[in-house]
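This is what each chain is made of:
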Amino acid sequence: MMPFAKVRVPVPGALLGMVELYVSSGPRIMAVRNGNAHDWSSLYASPRKVLEWFATAGFAASGERAALSCFQPCARRLASLDQLKNTVRPPLAVPRFWQLDGSNYGFDASPHLPYWLAVNDASFIPLLVPAHQVAHFSRALVA
């Protein structure tokens, strides 16, 4: 069985009214990050709460605390994602997020995809989070 499956996220402005993404095919997956195995879980977040989260939390690529900063959307990356409104692309990978401490988070891929989905009225925002942090992310991001 493949560890990832496609999920169709309804997005009114996208071609065909949806965007396909790869997410965990089960409730949990194992993945390697920094040479260590981690147990990850899929989470379907509220677009409103995701936008609030991006506006208030600190983010660090690869969890590098020295690079911690507020999320600043990149116009070029958002414009690239806007192509989803006119073309059907192969499924995109869902980024992984993890809590570093308090309201600071690490991520393994650009956070622009979840942000773009939220600002474009997606029905939900799929994320991968550490299995041991599901309760935290559920309280913070699920309606």
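Residues numbered from 1 in each chain as written. Predicted model: local features only at pLDDT ≥ 70, side-chain atom pairs only at ≥ 80, totals over all residues. Heavy atoms only, no water.

Caption draft 1: Highlighting the sheet that holds strand 5 (residues 58-61). A sheet is described by the order of its strands in space; here four strands give the open sequence 6-5-9-8, paired in mixed fashion. For this open sheet the edge positions go to strand 6 (69-70) and strand 8 (97-101), each flanked by a neighbour on one side alone. Across four bridges, strand 5 lies against strand 9 (residues 104-107) in parallel orientation. Pairing of phenylalanine 59 across the sheet is with tyrosine 105, part of strand 9. (Pairing = 2+ DSSP bridges. Helix = DSSP H or I, 4+ residues; strand = E, 2+ residues; numbered from the N terminus.)

Caption draft 2: Spotlight on the pattern of salt bridges. In total, this model carries six salt bridges according to the counting rule given. Taking the shortest distance from any N to any O, the salt bridge between aspartate 82 and lysine 85 comes out at 3.5 Å. Take aspartate 82: its relative accessible area is 29%, and that puts it in the partly exposed class. Given a relative accessible area of 32%, lysine 85 falls into the partly exposed group. Counted as one network, the salt bridges with shared partners bring together Lys6, Arg8 and Glu20. (Salt bridge = Lys/Arg side-chain N within 4 Å of Asp/Glu carboxyl O. Buried < 20%, exposed > 50% of the residue type's maximum accessible area, 1.4 Å probe, protein only.)

Caption draft 3: Main features of the packing of aromatic side chains. Following the criterion strictly, the structure yields 16 aromatic pairs and no others. A ring pair is formed by tryptophan 53 and phenylalanine 54, whose centres lie 5.3 Å apart and whose planes are at 40 degrees; its orientation type is tilted. Ring centres 5.0 Å apart and planes at 80 degrees place the aromatic pair tryptophan 53 and phenylalanine 59 in the edge-to-face group. Seen from the ring of tryptophan 40, arginine 96 lies directly overhead, with NZ or CZ sitting 4.9 Å from the centre. (Phe/Tyr/Trp six-rings, centres within 6.5 Å; stacked < 30°, edge-to-face > 60°. Lys NZ or Arg CZ within 6 Å of the ring centre and 35° of its normal.)

Caption draft 4: A look at the pairing of strand 5. Here two bridges tie strand 5 to strand 6, and the two strands are oriented antiparallel to one another. Residue pairing across strands places phenylalanine 59 opposite serine 69, the latter belonging to strand 6.

Caption draft 5: The arrangement of helix 3 (residues 112-119) in detail. With seven of its eight residues buried, helix 3 lies for the most part within the structure. Looking only at helix 3, the buried set comprises His112, Leu113, Pro114, Tyr115, Trp116, Leu117 and Ala118. Aspartate 121, located one to two residues past helix 3, shows a positive phi value of around 60 degrees.

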